[in-house]
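Residue-level listing of the chains:
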Amino acid sequence: VIAEELGYFPVSGRDGELQYVPARVRGQSTDQAVALAKHLNKKGVVMYSAFWCPHCRNQREMFGRDAWKEMTWVECGKGGVGRDE
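Criteria and cut-off values
Residues numbered from 1 in each chain as written. Predicted model: local features only at pLDDT ≥ 70, side-chain atom pairs only at ≥ 80, totals over all residues. Heavy atoms only, no water. Helix = DSSP H or I, 4+ residues; strand = E, 2+ residues; numbered from the N terminus. Buried < 20%, exposed > 50% of the residue type's maximum accessible area, 1.4 Å probe, protein only. Contact = heavy atoms within 4.5 Å. Core = buried A, V, L, I, M, F, W, Y, C linked by side-chain atoms within 4.5 Å.

Asker: What should I look at first to understand the environment of S49 in this one?
Answerer: Within the element layout of this structure, S49 appears in strand β3 (residues 46-49). Using a relative accessible area of 1% as the deciding quantity, one classes S49 as buried. Distance in space between the C-alpha atoms of S49 and C76 is 5.6 Å, their sequence separation being 27 residues. Residues within four places of S49 in sequence aside, it is in contact with C56, R60, W73, V74, E75, C76 and G77.

Put into C-alpha cells, the structure is as follows:
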C-alpha cells in the first residue's frame, strides 16, 4: 500500500539489482488528452520523468491511461525501469 501511495514499486531485476517501476496510470483519458498526446509524439516531444517524482506522476494521471500510451518518455531516476545507465 505504501508503495502505491508513493507511486512506484521496488522489484528485483533479472540481474538481482533493485529497480523501481512506476505505478500504472489509473485515470481515464479524454479524447482531447489522446489527441494532444498523439500531436506531441508526432512533433517529437519527450517527457523526462522520474519514478519518485509526484509532479511526474500527476502529469501521467492528467493525460490518463490511453493518452499516456501515446507519449514518448525517458526515465531519469537512478534505478528506474527503462533508464539507460
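Further notes follow.
Asker: I keep staring at the nonpolar core and nothing clicks. Help me out?
Answerer: Side chains that are nonpolar tend, in soluble globular proteins, to be buried together. By size, the foremost hydrophobic cluster in this structure holds 12 residues: V25, A33, V34, A37, M47, A50, C53, C56, F63, A67, W68 and M71. Within the residue set of this core, elements represented by two or more residues are α2 (31-42), α3 (54-63) and α4 (65-70). It is α2 that provides the largest number of residues to this core, a total of three residues. Residue contacts for W68: discarding those within four places in its chain leaves V25, M47, R60, F63 and W73.

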